[in-house]
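The lines below spell out each chain.
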Amino acid sequence: MEIISPIITPFDKQGKVNVDALKTHAKNLLEKGIDAIFVNGTTGLGPALSKDEKRQNLNALYDVTHKLIFQVGSLNLNDVMELVKFSNEMDILGVSSHSPYYFPRLPEKFLAKYYEEIARISSHSLYIYNYPAATGYDIPPSILKSLPVKGIKDTNQDLAHSLEYKLNLPGVKVYNGSNTLIYYSLLSLDGVVASFTNFIPEVIVKQRDLIKQGKLDDALRLQELINRLADILRKYGSISAIYVLVNEFQGYDVGYPRPPIFPLTDEEALSLKREIEPLKRKIQELVH
Ligand code: ELE
């Protein structure tokens, strides 16, 4: 039951990555019991980062921990290869990539070749990032059978879909990425890669503890709170809202997202904090 955090990338108002804030945040998440960090994920605005920024994030986090999965995906395969080679010298858990996207009707063969290219030059294990709602492509287990895949992060509302990976690819770790499915993913898969670990790591770690102790009802009650938070965050733009809530729940500043993931206005941030206040109190009661 691993809990992996797809860490946000903190930016300053000028759109520059705040490396110190990133490190402070990572240290705190690990202290709170998070097992590993997924670098340049969706919540980390990976697809909106330059190659140099992706590399910079890895370098910064490497000072804090080596429990890192390095997401390198891009439509520019030269950039992908450069990042993979860069990470080859580093002692990390693995490299990952979302599938190619945007271009419609790519043959399955192209998806397979994309991952084969990464696997061919990487010295690390491969973690597949499947996010069909975002990329337009659902990576079938069949194309992964001959690749050195260590894990799959399936960001998918359909738990049965994640289970298909488990059933078809024995020995491969399968994580679901949906915040609303954390309880079920901890119970039936190898763990989660959930964006809410950025602001309520304690809650998710507590859920795991409760499940381990067989207190399933209590774990489910925490899931209910997470789902209610998810409904609220969606109205504001979930990723943007997370930046505000890291400060609200963890007590330090992680700056802003970068447009086109626009930061919340002061009014929006205030309204978000008001809306989540009753849930925050409930969470504090249940977790402490
Ligand atoms: C997931 C989010 C999605 C995290 C990443 C992740 O950021 O790389 O609940 O589906 O909005 O994308 O946790 O959460 P939902 O894998």
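None of the values given here were measured: they were computed from a predicted structure.

We now examine a nonpolar patch on the surface. Together, Leu-75, Tyr-102 and Phe-103 make up an exposed nonpolar region whose accessible area comes to about 360 Å². Mapped onto the secondary structure, Tyr-102 falls in the loop between β4 (94-98) and α4 (108-121). On the basis of relative accessibility, which here comes to 67%, the residue Tyr-102 falls in the exposed class.

A few words now on the nonpolar core. The biggest cluster of nonpolar side chains holds 88 residues, and the ones touching the most others in it are Ile-118, Leu-144, Phe-196, Phe-199, Ile-200 and Leu-272. Ranked by the residues each element gives to this core, the list is headed by helix α9 (residues 216-236), at nine residues. Leu-144 has contacts with Ile-128, Ile-139, Val-149, Ile-152, Tyr-165 and Leu-169, leaving out every residue within four places of it along the chain. In this structure, Ala-36, Tyr-127, Tyr-175 and Val-193 belong to the second largest nonpolar core, which totals eight residues.

This part covers the UniProt feature "binding site: substrate" in the chain. Under the UniProt annotation, "binding site: substrate" lies at Thr-42, Thr-43, Tyr-129, Asn-130, Tyr-131, Lys-153, Asp-154 and Thr-155. What stands out for the annotated residues spanning 114 residues is how close their C-alpha atoms remain, the widest pair being 14.3 Å apart. Topologically, Lys-153 is positioned in strand β6 (residues 149-154). Setting aside residues no more than four positions away along its own chain, Lys-153 makes contact with Phe-38, Ile-128, Tyr-129, Asn-130, Tyr-175 and Val-193. Here Asp-154 is to be found in strand β6. Beyond its immediate sequence surroundings of up to four residues, Asp-154 is in contact with Asn-130, His-161, Ser-162, Tyr-165, Tyr-175, Asn-176 and Gly-177.

Before going further, it helps to spend a moment on the pattern of salt bridges. Across all of its chains, the model carries 16 salt bridges by this definition. Across the pair Arg-234 and Asp-231 runs a salt bridge, and its minimum N-O distance is 3.4 Å. Placement of the pair is Arg-234 and Asp-231 together in helix α9, with a separation of three residues, close to one helical turn. Among the ionic contacts, a cluster of salt bridges with common partners joins Lys-51, Asp-52, Arg-55, Asp-79 and Glu-82.

It is worth spelling out the site of the ligand at this point. Contacts to the ligand come from 15 residues, most closely from Thr-42, Thr-43, Lys-153, Gly-177 and Asn-179. Here an oxygen atom of the ligand and a side-chain polar atom of Tyr-129 are 3.1 Å apart. Within the backbone of Asn-179, an N or O atom sits 2.9 Å from an oxygen atom of the ligand. Within the complex, the protein chains bury 88% of what would otherwise be the 410 Å² of accessible surface of the ligand. Each residue belonging to the shell around the ligand can be placed in one class, and the counts come to five nonpolar, nine polar and one charged.

A few words now on unusual backbone geometry. In this model, Pro-259 is joined to Pro-260 through a cis peptide bond whose omega is 15°. Here Pro-260 shows up in the loop between α10 (238-250) and α11 (266-287). In this model, Tyr-102 sits at a positive phi of 65°, which is unusual for a non-glycine residue.

Okay, the packing of helix α1 (residues 19-31) against helix α2 (residues 51-62) next. The interhelical angle for the contact between α1 and α2, taken along N-to-C directions, is 50°, at an axis separation of 9 Å. Judged by the inter-axis angle, α1 sits oblique to α2. The handedness of the crossing between α1 and α2 comes out as right-handed. Taken together, the residues of α2 that come into contact with α1 (itself represented by Val-19, Leu-22, Lys-23 and Ala-26) are Gln-56, Asn-57, Ala-60 and Leu-61.

What follows deals with the side chain of Gln-71. By the element assignment, Gln-71 lies in strand β3 (residues 68-71). Here the side chain of Gln-71 touches His-98 through a polar contact of 3.2 Å, landing on its backbone nitrogen. Residues in contact with Gln-71, not counting those within four places in the same chain, are Phe-38, Val-39, Asn-40, Gly-41, Lys-54, Ser-96, Ser-97, His-98 and Tyr-129.

This part takes up the packing of aromatic side chains. Ring pairs (aromatic) are described by centroid distance and by the angle formed between their planes. Tallying each qualifying case throughout the model produces seven aromatic pairs. Three or more aromatic residues link up through ring pairs in this structure, and these residues are Phe-38, Tyr-129 and Tyr-131. Above the face of the Phe-86 ring, Arg-55 is positioned so that its terminal group lies 5.5 Å from the ring centre. Against the face of Phe-38 rests Lys-153, its NZ or CZ located 3.9 Å from the ring centre.

Its 12 residues give α2 an end-to-end C-alpha distance of 17 Å, which sits within 8% of 16 Å, the value for a rise of 1.5 Å per residue. Those residues of α2 lying buried are Glu-53, Lys-54, Arg-55, Asn-57, Leu-58, Ala-60 and Leu-61.

So, how was this worked out
- Residues numbered from 1 in each chain as written.
- Predicted model: local features only at pLDDT ≥ 70, side-chain atom pairs only at ≥ 80, totals over all residues.
- Heavy atoms only, no water.
- Patch = residues over 30% accessible without salt bridge, like charges linked within 9 Å, V, L, I, M, F, W, Y side chains within 5 Å.
- Areas by Shrake-Rupley, 256 points an atom, 1.4 Å probe, with all protein chains shown as cover.
- Salt bridge = Lys/Arg side-chain N within 4 Å of Asp/Glu carboxyl O.
- Helix = DSSP H or I, 4+ residues; strand = E, 2+ residues; numbered from the N terminus.
- Buried < 20%, exposed > 50% of the residue type's maximum accessible area, 1.4 Å probe, protein only.
- Core = buried A, V, L, I, M, F, W, Y, C linked by side-chain atoms within 4.5 Å.
- Contact = heavy atoms within 4.5 Å.
- UniProt positions renumbered as here; feature names shortened; annotations may be inferred.
- Near = heavy atom within 4 Å.
- Polar contact = N/O pair within 3.5 Å; in protein donor to acceptor, adjacent residues only side chain to side chain.
- Nonpolar A, V, L, I, M, F, W, Y, C, P; charged D, E, K, R; others polar.
- Axes fitted to C-alpha atoms, helices over the stretch in contact; angles between N-to-C directions.
- Parallel < 35°, antiparallel > 145°, perpendicular 65-115°, else oblique.
- Left-handed = near helix turned anticlockwise from the far one by under 90°.
- Phe/Tyr/Trp six-rings, centres within 6.5 Å; stacked < 30°, edge-to-face > 60°.
- Lys NZ or Arg CZ within 6 Å of the ring centre and 35° of its normal.
- Expected span 1.5 Å × (residues − 1).

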